Amino acid sequence: MKTQLLLAASLFVSVTASAQSNAYYSKDNKLESNLCVVSANEGFSAARKMAAKHGIYLSRYSKSILCNGQDIRDIAKQQTAAQPAASKVEVFAKDSHQETQLCITALKQGLQPVRKQIGNLNTLKCNGQNVTDFVKRYQNAAI
C-alpha cells in the first residue's frame, strides 16, 4: 500500500488542455430533437446523414429545422467553433523507483515486458490506477 501511495505521488501526468465540450441531449424522442442533438454534438454532416436515413432532407443553404428557436446549421457552427484543440498529455517519471520505471516501460514497450518482470499485473499501480488502465489511457502520450 505504501508503495502504491508513493508511486501515485511520484508519477505525474501533465495535461495542457483539459477543457471539455458541452454535451447536448434531447428531452423527448422526436426525430427533429435527435437531429438537433446530433448536429450540436457531432456536426451538421452527421445530422444530414441521420436525416437522410429517415427520408428528411436538410439543406446546407436554407433553414429547415429549428432547435430551441435557432437554425440547426447555426447550432452545429457554434459547437464546432467552441470545440477545444486536442489536448496534449506528457507523462514523466519523477523518481527512479522500480515501480515508476515499470509504469514508464509499460507505456513505451507495452505490458508484456512488465508482465515478465512482475508476473501479476494487478499488483502494479501507476498514478493510482491499474497498470492496464494506465496504459490504455496514456499510451499515445509524449514520454
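Residues numbered from 1 in each chain as written. Predicted model: local features only at pLDDT ≥ 70, side-chain atom pairs only at ≥ 80, totals over all residues. Heavy atoms only, no water.

The protein chain has the name Exonuclease III in an unreviewed UniProt entry, where Pseudoalteromonas undina is given as its organism.

In this structure the tally under the stated criterion is 1 salt bridge. As a salt-bridge pair, Asp-71 and Arg-73 come within 2.5 Å of each other at their nearest N and O atoms. Here Asp-71 matches Arg-73 in class, with each residue buried. (Salt bridge = Lys/Arg side-chain N within 4 Å of Asp/Glu carboxyl O. Buried < 20%, exposed > 50% of the residue type's maximum accessible area, 1.4 Å probe, protein only.)

Quick look at the side chain of Ser-39 now. By secondary structure assignment, the location of Ser-39 is in helix 2 (residues 31-42). A distance of 3.1 Å separates a polar side-chain atom of Ser-39 from the backbone oxygen of Ile-72. When sequence neighbours within four positions are dropped, the list of residues in contact with Ser-39 reads Phe-44, Ala-47, Ile-72 and Ala-76. (Helix = DSSP H or I, 4+ residues; strand = E, 2+ residues; numbered from the N terminus. Polar contact = N/O pair within 3.5 Å; in protein donor to acceptor, adjacent residues only side chain to side chain. Contact = heavy atoms within 4.5 Å.)

Here we come to the packing of helix 5 (residues 98-109) against helix 6 (residues 111-118). Between two packed helices, both the angle of their axes relative to each other and the distance between the axes serve to describe the pair. Axis separation between helix 5 and helix 6 bottoms out at 7 Å; the angle between their running directions is 145°. Together, Leu-102, Thr-105, Ala-106 and Gln-109 of helix 5 and Leu-111, Pro-113, Val-114, Gln-117 and Ile-118 of helix 6 make up the contact between the two elements. Broken down by class, the residue content of the contact of helix 5 with helix 6 amounts to 6 nonpolar, 3 polar and no charged. (Axes fitted to C-alpha atoms, helices over the stretch in contact; angles between N-to-C directions. Nonpolar A, V, L, I, M, F, W, Y, C, P; charged D, E, K, R; others polar.)

Let's shift gears to helix 7 (residues 131-138). Within the span of helix 7, buried status applies to Val-131, Phe-134, Val-135 and Tyr-138. On an axial view of helix 7, the arc spanned by its buried residues comes to 95°, and they lie on one face. Within helix 7, the exposed residues directed more than 90 degrees away from the buried face are Lys-136 and Arg-137. (Arc of directions from axis to C-beta.)

On to the packing of helix 5 against helix 7. Between helix 5 and helix 7, whose axes approach to 10 Å, the crossing angle comes to 50°. Considering their axes alone, helix 5 and helix 7 lie oblique with respect to each other. Pair helix 5 / helix 7 crosses with right-handed handedness. Touching Cys-103, Ala-106 and Leu-107 of helix 5 are Val-131, Phe-134, Val-135 and Tyr-138, all from helix 7. Split by residue class, the contact of helix 5 with helix 7 holds 7 nonpolar, no polar and no charged. (Parallel < 35°, antiparallel > 145°, perpendicular 65-115°, else oblique. Left-handed = near helix turned anticlockwise from the far one by under 90°.)

This paragraph deals with the nonpolar core. Generally speaking, a soluble globular protein has its nonpolar side chains buried in company with each other. Val-91, Leu-124, Val-131 and Phe-134 are the most contacted members of the largest nonpolar core, which totals 15 residues. Counting only elements with at least two residues in this core, the list comes to helix 5 and helix 7. (Core = buried A, V, L, I, M, F, W, Y, C linked by side-chain atoms within 4.5 Å.)

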